[in-house]
2 protein chains.
Amino acid sequence: MLYDVQYIGNSRGIFCVALVAVTKPVTSLRVQLVKEWLMTTELPESHADLLERPLFAHLATIRPDGSPQSSVMWFDWDGRRVRFSHTSTRQKYRNLLADGRVSFHVQDPENAYRTLEVRGRVESMDPDLDATFYRSLQQRYGSNVPVLDADVRVVIVVEPTNFVAVFGGLTKVETDALTALLEQLDEGV
Amino acid sequence: MLYDVQYIGNSRGIFCVALVAVTKPVTSLRVQLVKEWLMTTELPESHADLLERPLFAHLATIRPDGSPQSSVMWFDWDGRRVRFSHTSTRQKYRNLLADGRVSFHVQDPENAYRTLEVRGRVESMDPDLDATFYRSLQQRYGSNVPVLDADVRVVIVVEPTNFVAVFGGLTKVETDALTALLEQLDEGV
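This report concerns the structure included in the present document. (Residues numbered from 1 in each chain as written. Chains lettered and ligands numbered in written order. Predicted model: local features only at pLDDT ≥ 70, side-chain atom pairs only at ≥ 80, totals over all residues. Heavy atoms only, no water.)

1. Digging into the packing of aromatic side chains
Aromatic rings considered in pairs are described by the distance between their centres and by the relative angle of their planes. Taken as a whole, this structure holds 16 aromatic pairs over all chains when the rule is applied. Judged by centre distance (6.4 Å) and plane angle (80°), the rings of tryptophan 77 of chain B and phenylalanine 163 of chain B are edge-to-face. Placement of tryptophan 77 of chain B in strand 7 (residues 76-77) and of phenylalanine 163 of chain B in strand 11 (residues 153-166) is noted, with a sequence separation of 86 residues between them. Since its relative accessible area comes to 13%, tryptophan 77 of chain B is described here as buried. Members of the aromatic cluster, each reached through a chain of ring pairs, are Phe56, Trp74, Tyr134 and Tyr141 of chain A together with Tyr113 of chain B. Against the face of phenylalanine 75 of chain A rests arginine 140 of chain A, its NZ or CZ located 5.0 Å from the ring centre. Note that arginine 153 of chain A overlies the ring of tyrosine 134 of chain A, its terminal NZ or CZ placed 3.9 Å from the centroid. (Phe/Tyr/Trp six-rings, centres within 6.5 Å; stacked < 30°, edge-to-face > 60°. Helix = DSSP H or I, 4+ residues; strand = E, 2+ residues; numbered from the N terminus. Buried < 20%, exposed > 50% of the residue type's maximum accessible area, 1.4 Å probe, protein only. Lys NZ or Arg CZ within 6 Å of the ring centre and 35° of its normal.)

2. Remarks on helix 3 (residues 132-140) of chain B
All names here are of chain B. Those residues of helix 3 that sit buried are Phe133, Tyr134, Leu137 and Gln138. Buried residues of helix 3 fall within an arc of 150° about the axis and therefore sit on the same side. Relative to its buried face, helix 3 has exposed residues pointing more than 90 degrees away, namely Thr132 and Gln139. (Arc of directions from axis to C-beta.)

3. Looking at the pairing of strand 9 (residues 101-108) of chain A
Every other side chain in a regular strand lies on the same face of the sheet, so the side chains alternate between the two faces. Residues and elements named next belong to chain A. When you tally the buried positions in strand 9, you get 7 out of 8 residues, the bulk of the element. Bridging between strand 5 (residues 57-62) and strand 9 involves 3 bridges; their strand directions are antiparallel. Residue alanine 60 lies in a different strand from strand 9, and its bridge partner there is serine 103. One ladder, built from 8 bridges, connects strand 9 with strand 10 (residues 111-127); its direction is antiparallel. Following the sheet pairing, aspartate 108 is matched in strand 10 by asparagine 111. Where strand 9 folds back on strand 10, the antiparallel hairpin that results is connected by 2 residues. (Pairing = 2+ DSSP bridges.)

4. Remarks on unusual backbone geometry
Residue and element names in this part refer to chain A. Although it is not a glycine, aspartate 130 adopts a positive phi angle of roughly 55°. You can see aspartate 130 is positioned in the loop between strand 10 and helix 3 (132-140). The exposed category is assigned to aspartate 130, whose relative accessible area is 62%. Its identity is not glycine, yet alanine 131 carries a phi of approximately 55°, on the positive side. The topology assignment puts alanine 131 in the loop between strand 10 and helix 3. On the basis of relative accessible area, alanine 131 is assigned to the buried category, the value being 0%.

Next comes the structure, spelled out in structure tokens:
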């Protein structure tokens, strides 16, 4: 009897797809991690909603000394570019002036193990006149707070170079089924 | 009449404390951003729960070419060190071998604007024998998935050097009150 099980498994909070192929009585057991994630240069349809919804971007930038900085950001996505609001008086602005390479990820609030990482580079950082873009972000995120720093607001435009789609994990039923299968195999060996 | 309003305000997803001091009829209006966050070398009591609870770490590391990488991670906190599980076959492990500086943040799921950033450096990366630590993380996060990569599991121990506590935003009532105050001042000018 041949089992040929392909599954998406939760491995330390990041997910992997494993292919388990066995014969029983067990003459061979191959467990191969064939894919942990999917990297593309176009936004995969399966994860487009994570950029379209007003979720949070967890942004990594490089400080001038080369060490990493990690920040929570609002963002907007127009189908081609990611835009962040920031001010020209802050550390992240100086980081991005020195090194425009960024990476951020977005996590699905309904399934913490379904995430999208976006890698890219800053295309422009221009003044946000009258904080127009920032106000549009406020609207997108359902916020309504006085803007006290319109004079130093900038729009950071990021051109994505790669998308890394990470798929959600096994359901409880799938996990139990796989565990049972592996235990069965253990006994058979 | 003297207004002296100190408030915590939502500014582009990160928060700031602003001090608004005015006299009315308005002879002077000072709006000064006095504090955006609190940086300490010890974990602030106000944000300790974010490390104690099984939340997600949004980790920034440096790739060998100097560009940033952004990842979702499980973690454990013993009051002194942060521990992550990883495997010695993956990119992040190679990143951390080359440059042990990390930054990660944790976001309060009940208040997205209350976050803690932790900056630090890798103290050790040792084999996780029998995936003992990884299994304890599974337990902490309520997961139960077969461990297929125990032979390459490592424990990443991070020594924090700085904590950046970001406080949650204004409540709706506070926002409305501040907006009304600022409008009142606009009219008075």
